[in-house]
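Listed below, chain by chain, are the residues.
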Amino acid sequence: MTWLLGIDGGGTRCRARLTDAGGQILGEGLGGPANIRLGLATAWSGIMQAVDAALAAAGLDRSILDRTRIGLGLAGIVTDADGVSISKVAPLRFAAVAAVSDAHTACLGATGGADGAILITGTGSQGFALVGGTSHAIGGYGFPASDQGSGAWIGREAVRAALLAHDGLAPLGPLTRAVLDGLGGGPAEVVPWSFAAKPADYAALAPLVLEHAGKGDEAAATILRRAADDLAAMARRLRELGAPTVSLVGGLSTPLLPWLPDDIRRALAPPKGDAMDGALILARRAAPLAEAQMPYAPDIAPLPLMAQEAAESPAVAARQMERCGPLFRDLGARLRALNPSVVVTCARGSSDHAASYGKYLIETALGLPVASVGPSVVSLYDTPLKLDGALFIAVSQSGKSPDLLRLTESAKAGGALTVAFVNDEASPLAGLCDVFIPLCAGPERSVAATKSYVASLLAFLQLTAHWSDSADLHAAVAAAPGALSKAAALDWHPALSRLVSATGLYVIGRGLGMGVAQEMALKCKETCRLHAEAFSAAEVIHGPLALVGPGFPVLALSQHDQTREPTAQAAARMAGLGADVLSTDPGVPGATALPVVAGLPPELEPMAAVLSFYLAIHRISAARGLDPDVPANLRKVTETI
């Protein structure tokens, strides 16, 4: 039997799609960066991470690769020689290998392998045509020298318009006010931001421009008309080169379509497929490898279970929403009728960190105090709890620890409504509680919890949304799977790589982000044997600040709510002391900005950040000579009394 692998590799992530010979999709996976300009070994490492994840999704393994034809569409390939170079150093024997640029495979996918062209507009922009076996590229030289009509270009023009408006050289309208406000208020904040901003940071402003253009803002409309004119010029040039069709593709293709001139819109053809479809076409056409070819790096490790399981989080979120939405709706109605005066949580480890997130959600959305009760109060001290009319929430992956079971029994006997968020649906805890809601994470084999933690966060978000019946929280729930998918594509590894030689660090957060700060600190300990302490951004400036000095690592988490400014101030103070601060807030002076998903509601920002962290920290563990799936001295299920 023959299999086909299509690879779409960029500078931040790599995607793989595995099919059988008939084209039936068997599995897909994500991996690290695969731009060949990062080095051929690095590119193949990212490719093989994605391949391993796709194989795992299909229930297969590397034993089939010698019967698999692989097509590679990779960023950084400019010449035919580049494609030959990456093909010749394949780490394992494939039946056939072919490599071209990522634009080339995107064009193959859009045209179904026929002559034609694509016009890409996303963070960047590029035109690419295949005509009579010859390829033609237009643009794509990178931002800011090129990328006209792209999200990065649109965002840059919005910043320029905002600064002109601030200086009185252009009208100060809704768009320019929104840009200034969003970036801190004025040039003193905007200019430092621009020095550190990457193309993706500028592109994150494009939705704001589109929104205001739709409301009639002239500055926004002018920017979009200029972007459309640039794209139209590229499309016309592609037709001049002989392309019989042009397809508009990329993240901004749909919103920019109405702004294109009529003649261009009429000439556009809908794409037949995506870049991975194009890579699969390339795989079918690939020439068999010479028998003498030997593997280049057979020691490339498969993606660890921790990362594979973390990468499932977007699908887990969608599954939990579909299956448990009605359960949360019924529970929300029941709680509105019960009107409890207090909420008590019971959990340990990662589950307790999820309960910390739930605490702030419930307290800020419903105004109810939430307390975490130590299981030993009942399991060791044998003190009965008086919880008449309270809501008691137990959170656990296994649902088997004796102390959690004892505390839950006591809470139920004490008059509380007991609710369980548990991953193991056959566990004793699931059967003990009045209401059982499964986390729907599926089996988790790595000792370090990842997808079950994300599922626990989402469970608290769903509970609070249905209990409060808040439109904003319902919208946050609906956006969760997409936000997690985007977070999985972000690469925190370059920033976190400084932890390879570290001996300790602080992780700070506040409010909704505190539980995630605790979880990140735990994962540093579990997977990297790195002493990490989580602190509130308010608490850290008291005693713990005494340890901060030059080079001291700090991971600072924030979200766009009332805690953002004081968290930024605490992070800036530590950066001023010489600390090596990594921040999810790009506006912290002296800090290294971590890539984040732009435009999320604050309830989703910590959830997205922890997934990006999970997909990088396993690489730090490996670089420290450890196995992230098997932390020292730990077991998957820990039972305490």
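This write-up is about the structure you can find in this document. Values in this document were obtained by computation on a predicted structure and should not be read as measured data.

Across its full length, the protein carries 24 helices and 19 strands. When its C-alpha atoms are laid out on the principal axes, the protein stretches across 80 × 70 × 50 Å. Looking at the 641 residues of the protein, the share that counts as buried comes to 54%. In the protein, the share of contacts with a sequence separation of at least 24, taken over all contacts with a separation of at least 6, comes to 73%. Taking the 49 positively charged and 58 negatively charged side chains of the protein as two groups, their mean positions are separated by 2 Å.

Once that is clear, we can look at the sheet that holds strand 15 (residues 504-509). Strand order in the open sheet formed by five strands is 16-15-17-18-19, and the pairing between neighbours is parallel. A strand with exactly one partner marks an edge of an open sheet, and here the two such strands are strand 16 (531-536) and strand 19 (592-593). In the sheet, strand 15 pairs with strand 16 via six bridges, with the strands oriented parallel. Across the sheet, Gly 509 pairs through a bridge with Ser 536, a residue of strand 16.

Within the open sheet, the five strands sit side by side as 11-10-12-13-14. Their pairing is parallel. Whereas interior strands pair on both sides, the edge strands pair on one side only; in this sheet they are strand 11 (370-372) and strand 14 (435-438). If you compare each strand with its neighbour and ignore which way they point, the axes differ by 20° on average. In this structure, strand 12 (residues 391-396) lies alongside strand 13 (residues 417-422), joined through six bridges in parallel fashion. Note on strand 13: the bridge partner recorded for Val 395 is Phe 421. Along the sheet face, helix 14 (residues 313-338) touches strand 12, strand 13 and strand 14 and points at about 150° away from the line of strand 14.

Mapping Asp 469 onto the fold places it in the loop between helix 19 (451-468) and helix 20 (471-488). Taking the relative accessible area as the measure of exposure, Asp 469 reaches 52% and is therefore exposed. In this structure, Asp 469 is in contact with Arg 336, Thr 464 and His 474, ignoring residues within four places of it in sequence.

Put simply, helix 4 (residues 151-166) and helix 6 (residues 187-196) touch, their axes get as near as 11 Å, and they point 155° apart. Judged on the interaxial angle alone, helix 6 and helix 4 are roughly antiparallel. The two elements helix 4 and helix 6 cross, and the hand of that crossing is left-handed. The residues of helix 6 that touch helix 4, namely those facing Val 159, Leu 163 and His 166, are Pro 187, Val 190 and Trp 193. Among the residues forming the contact of helix 4 with helix 6, the class breakdown is five nonpolar, one polar and no charged.

To continue, consider the nonpolar core. Phe 421, Leu 461, Met 520 and Leu 555 are the most contacted members of the largest nonpolar core, which has 83 residues in total. In this structure Leu 461 touches Tyr 357, Leu 361, Leu 473, Ala 476, Val 477, Glu 603, Leu 604 and Met 607, once residues within four positions along its chain are discounted. Residues Ala 117, Leu 183, Leu 231 and Ala 243 belong to the second largest nonpolar core, which totals 41 residues.

With that out of the way, let us pick up unusual backbone geometry. Phi is positive for Asp 147, which is not a glycine, with a value near 65°. Examined against the element boundaries, Asp 147 turns out to sit in the loop between strand 8 (134-139) and helix 4. Of note, the phi angle at Arg 529 is positive, near 50°, even though the residue is not glycine. With respect to the helices and strands, the residue Arg 529 is situated in the loop between helix 22 (514-528) and strand 16.

What follows covers the pairing of strand 10 (residues 343-346). In strand 10, alternate side chains face the same way, and those of Val 343 and Thr 345 on one face and Val 344 and Cys 346 on the other are all buried. Pairing analysis gives three bridges linking strand 10 to strand 11, with the strands arranged parallel. Across the sheet, the residue bridging to Val 343 is Val 370, located in strand 11. In the classification by handedness, the crossover that spans strand 10, the intervening helix 15 (residues 350-366) and the parallel strand 11 is right-handed.

Moving on to the environment of Gly 504. Summarising the element assignment, Gly 504 is placed in strand 15. Sequence separation between Gly 504 and Thr 364 is 140 residues, and the spatial gap between their C-alpha atoms is 32 Å. Dropping the residues within four chain positions of it, Gly 504 is found in contact with Leu 530, His 531 and Pro 553.

Turning to the packing of helix 4 against helix 9 (residues 218-240), a few remarks are in order. For any two helices packed against each other, one specifies the inter-axial angle together with the distance between the axes. Remark: helix 4 packs on helix 9, axes separated minimally by 10 Å, with the N-to-C direction vectors making an angle of 145°. Pair helix 4 / helix 9 crosses with right-handed handedness. Residue-level inspection shows Trp 153, Ile 154, Glu 157 and Ala 158 of helix 4 in contact with helix 9, the latter providing Ile 223, Leu 224, Arg 226, Ala 227 and Asp 230. In terms of residue class, the contact of helix 4 with helix 9 is made up of six nonpolar, no polar and three charged.

To continue, consider helix 12 (residues 275-285). For an α-helix, 3.6 residues make a turn, and residues three or four places apart therefore share a direction. Across the 11 residues that make up helix 12, a large majority, eight, are buried. The set of residues buried in helix 12 consists of Ala 275, Met 276, Gly 278, Ala 279, Leu 280, Ile 281, Leu 282 and Ala 283. The secondary structure elements touched by the buried residues of helix 12 are strand 1 (3-9), strand 2 (14-20), strand 3 (25-31), strand 4 (68-74), strand 5 (96-101) and helix 3 (102-111). Looking at where helix 12 begins, the residue whose side-chain oxygen comes 3.2 Å from the main-chain nitrogen of Met 276 is Asp 274.

Here we come to the environment of Lys 359. Relative to the assigned elements, Lys 359 resides in helix 15. Sequence separation of Lys 359 and Leu 205 is 154 residues, and the distance between their C-alpha atoms is 32 Å. Within the structure, the side chain of Lys 359 is placed 3.1 Å from the backbone oxygen of Val 370, a separation counted as a polar contact.

Structurally, Ser 351 is set in helix 15. Its relative accessible area of 5% is what places Ser 351 among the buried residues. Not counting chain neighbours up to four residues away, the residues in contact with Ser 351 comprise Val 395, Ser 396 and Gln 397.

If the charged atoms of two oppositely charged side chains come close together, the side chains can form a pair. Across all of its chains, the model carries 26 salt bridges by this definition. A salt bridge links Asp 274 to Arg 17, with the nearest nitrogen and oxygen atoms 3.0 Å apart. Here Arg 17 lies in strand 2 and Asp 274 lies in the loop between helix 11 (262-267) and helix 12, a separation of 257 residues in the sequence. When its relative accessible area of 26% is taken as the criterion, Asp 274 is described as partly exposed. A salt bridge links Lys 359 to Glu 363, with the nearest nitrogen and oxygen atoms 2.9 Å apart.

Parameters and conventions
Residues numbered from 1 in each chain as written. Predicted model: local features only at pLDDT ≥ 70, side-chain atom pairs only at ≥ 80, totals over all residues. Heavy atoms only, no water. Helix = DSSP H or I, 4+ residues; strand = E, 2+ residues; numbered from the N terminus. Buried < 20%, exposed > 50% of the residue type's maximum accessible area, 1.4 Å probe, protein only. Contact = heavy atoms within 4.5 Å. Lys, Arg positive; Asp, Glu negative; His and termini not counted. Charge placed at Lys NZ, Arg CZ, Asp CG, Glu CD. Pairing = 2+ DSSP bridges. Axes fitted to C-alpha atoms, helices over the stretch in contact; angles between N-to-C directions. Parallel < 35°, antiparallel > 145°, perpendicular 65-115°, else oblique. Left-handed = near helix turned anticlockwise from the far one by under 90°. Nonpolar A, V, L, I, M, F, W, Y, C, P; charged D, E, K, R; others polar. Core = buried A, V, L, I, M, F, W, Y, C linked by side-chain atoms within 4.5 Å. Right-handed = clockwise from strand over helix to strand, strands pointing away. Polar contact = N/O pair within 3.5 Å; in protein donor to acceptor, adjacent residues only side chain to side chain. Salt bridge = Lys/Arg side-chain N within 4 Å of Asp/Glu carboxyl O.

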